[in-house]
Amino acid sequence: MAFHTNTETMKILAINPGMISTKVGVFHDEEIVMHACINHPFEELCRYPFIMDEFDYRKEKLLEELKNQNIEMDFDVVVGRGGLVKPIESGVYELNEKVIEDTMHPRLHHACNLGSLIALSIAKEIPGCKAFTVDPGVVDELEDIARISGMPEIPHQTIWHALNQREIAKRYCREHGVKYEEQDLIVCHLGSGISFAMHHHGRAIACSDALSGDGPFSPSRAGTLPSVQLIKLCYSGQYTEKEMLRKVNGHSGLTAHLGTNDVREVVRRIEEGDKHAKLVLDAMILSVARYLGSLAPVTDGHVDAVILTGAMSQSKYVTDGLIKRLSYLAKVYVYPGEDELTALAHNAYRAMTGQQEIKEYK
């Protein structure tokens, strides 16, 4: 069913909250006409004990930005980055009270949980405006065999950059004249967190749980660790549960080794002769390559392409290192940065015009 059938331009607001910023874009049909990254200073965020407490603050800053750029609040649809709700299939979802209820009690705490809340709140204030979310990080398309771990109590699950990975994979396919539904693509999002997936014929049948410590270490996360040593550290009395959770997800990786999560800073140190910085960054690159290589058996070794995306893929040092170690699998393509605002808006446009199914969150 199409919500928008007249010839007038559709006006879309896309919202993508991150840990220290909120990205916002205004689209007319599929064309972006305004983009802003609203930075949230650390000292301001420290006023809020929990991420959910930032709702009013972030919404107010977003509305201020729109007002400052003379954007009228007459949107046809508001689409927000989805939160960490229960596992769902890929697609466009109209926001309802059930998804909001689950977002208020998420599986894990992350700024992305605010995307749906802010989107629905704004849409409710505009007559006739719809509110959507698209491909949240809990999209689950795993094959059953990929769910089995060595402990029945802890099956493999997915929390990953589904929105950006899928958008970049589809862009690669458009550019190369192939169908996403016919390709075997290893896609890796390189950001403060790192996620990876095997996109097999349009479905991510094996991927990481990036927010829970699955995979390589990253600029601020520990990644997979030897379980026995980790358990001993947890029971050593040195740390509380809260401190350990923060340690492995925020205070580890490059941050723990080098005191920074900024790859640009690490590369600068390397260029100035810092051998330890080189050792640690090269180790992270090797760690990423090992995990990406581990996806090849999922499709019996058939890989059409390896795709690198995310903010860290803007570093030539990082991408050159990965290309060197992964070219044996397939040709490696680099799509620097991320395109989540466009992914949100374009999916919302297709849903509003009847080109794409609108799913119900139950």
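Data block above holds the structure.
Okay, so let's go over this structure. (Residues numbered from 1 in each chain as written. Predicted model: local features only at pLDDT ≥ 70, side-chain atom pairs only at ≥ 80, totals over all residues. Heavy atoms only, no water.)

**Comments concerning the overall build of the protein**
- Summing up its helical and strand segments, the protein has 12 helices and 12 strands in all.
- Taken over the C-alpha trace, the protein has a radius of gyration of 21 Å; the compact-globule value for 362 residues is 21 Å, and the two agree within 12%.
- With the C-alpha coordinates aligned to their principal axes, the bounding extent of the protein is approximately 60 × 50 × 45 Å.
- Evaluated residue by residue, the protein yields a buried proportion of 52% over its 362 residues.
- Of the contacts formed within the protein by residues at least 6 apart in sequence, a portion of 68% connects residues at least 24 apart.
- As displayed, the protein has an accessible area near 17,700 Å², and 52% of this comes from carbon and sulfur atoms.
- Considering the protein, the positive charge centre built from 38 side chains and the negative charge centre built from 50 side chains are found 5 Å apart. (Helix = DSSP H or I, 4+ residues; strand = E, 2+ residues; numbered from the N terminus. Rg over C-alpha atoms; globule rule 2.2 N^0.38 Å. Buried < 20%, exposed > 50% of the residue type's maximum accessible area, 1.4 Å probe, protein only. Contact = heavy atoms within 4.5 Å. Areas by Shrake-Rupley, 256 points an atom, 1.4 Å probe, with all protein chains shown as cover. Lys, Arg positive; Asp, Glu negative; His and termini not counted. Charge placed at Lys NZ, Arg CZ, Asp CG, Glu CD.)

**With respect to the sheet that holds strand E6 (residues 130-134)**
- If you walk across this open sheet you meet the 7 strands as E3-E2-E1-E4-E6-E5-E12, and the pairing is mixed. Looking at the sheet topology across the chains shown, the edges are occupied by strand E3 (31-39) and strand E12 (358-360). When the angles between neighbouring strand axes are averaged without regard to direction, this sheet yields 30°.
- Sitting on the sheet, helix H2 (residues 55-68) is in contact with strand E1 (11-17), strand E2 (21-28) and E3, with an inclination near 45° to E2.
- Of the strands in this sheet, E1, strand E4 (77-81) and E6 touch helix H4 (residues 113-124), which is tilted by about 165° from E4. (Pairing = 2+ DSSP bridges. Axes fitted to C-alpha atoms, helices over the stretch in contact; angles between N-to-C directions.)

**Structural notes on the environment of tyrosine 239**
- Relative to the assigned elements, tyrosine 239 resides in the loop between helix H6 (227-234) and helix H7 (241-248).
- Relative accessible area serves as the criterion here: at 29%, tyrosine 239 is assigned to the partly exposed category.
- Beyond its immediate sequence surroundings of up to four residues, tyrosine 239 is in contact with Leu233, Cys234, Met244 and Lys247.

**Things to note about the sheet that holds strand E7 (residues 184-190)**
- Read across the open sheet, the 5 strands follow the order E9-E8-E7-E10-E11; overall the sheet is mixed. Unpaired on one side and paired on the other, strand E9 (203-207) and strand E11 (332-336) mark the two borders of the sheet. Across the sheet, the mean angle from the axis of one strand to that of its neighbour is 25°, orientation sign disregarded.
- Those strands touched by helix H11 (residues 316-326) are E7, strand E10 (305-310) and E11, and its axis lies near 160° from that of E11.

**Notes on the nonpolar core**
- The biggest cluster of nonpolar side chains holds 37 residues, and the ones touching the most others in it are Leu13, Leu62, Leu66, Phe75, Val78 and Ile122.
- Elements with a minimum of two residues in this core: E1, E2, E3, H2, helix H3 (97-104) and H4.
- Setting aside residues no more than four positions away along its own chain, leucine 62 makes contact with Leu13, Ile15, Thr22, Val24, Ile38, Ile118 and Ile122.
- Ranked by size, the runner-up nonpolar core spans 35 residues in total, among them Leu190, Ala289, Val306 and Ala330. (Core = buried A, V, L, I, M, F, W, Y, C linked by side-chain atoms within 4.5 Å.)

**Focus on H2**
- Helix length check: H2 (14 residues) gives 20 Å between terminal C-alpha atoms against 20 Å at 1.5 Å per residue, within 8%.
- Among the residues making up H2, those that are buried are Phe55, Tyr57, Arg58, Lys59, Leu62 and Leu66.
- Phi for asparagine 70, located one or two positions after H2, is positive at around 60°. (Expected span 1.5 Å × (residues − 1).)

**Some words on the packing of H2 against H4**
- Two elements in contact, H2 and H4, have axes separated by 10 Å at closest approach and are oriented at 60°. Considering the angle they form, H2 stands oblique to H4. Our pair here, H2 against H4, has a crossing hand that is right-handed. On the side of H2, the interface is formed by Phe55, Arg58, Lys59, Leu62 and Leu63, while H4 contributes Leu114, Leu117, Ile118, Ser121 and Ile122.
- A per-class count over the contact of H2 with H4 returns 7 nonpolar, 1 polar and 2 charged. (Parallel < 35°, antiparallel > 145°, perpendicular 65-115°, else oblique. Left-handed = near helix turned anticlockwise from the far one by under 90°. Nonpolar A, V, L, I, M, F, W, Y, C, P; charged D, E, K, R; others polar.)

**Some points on unusual backbone geometry**
- Positive phi, close to 60°, is recorded for asparagine 70, a residue that is not glycine.
- Along the chain, the position of asparagine 70 falls in the loop between H2 and E4.

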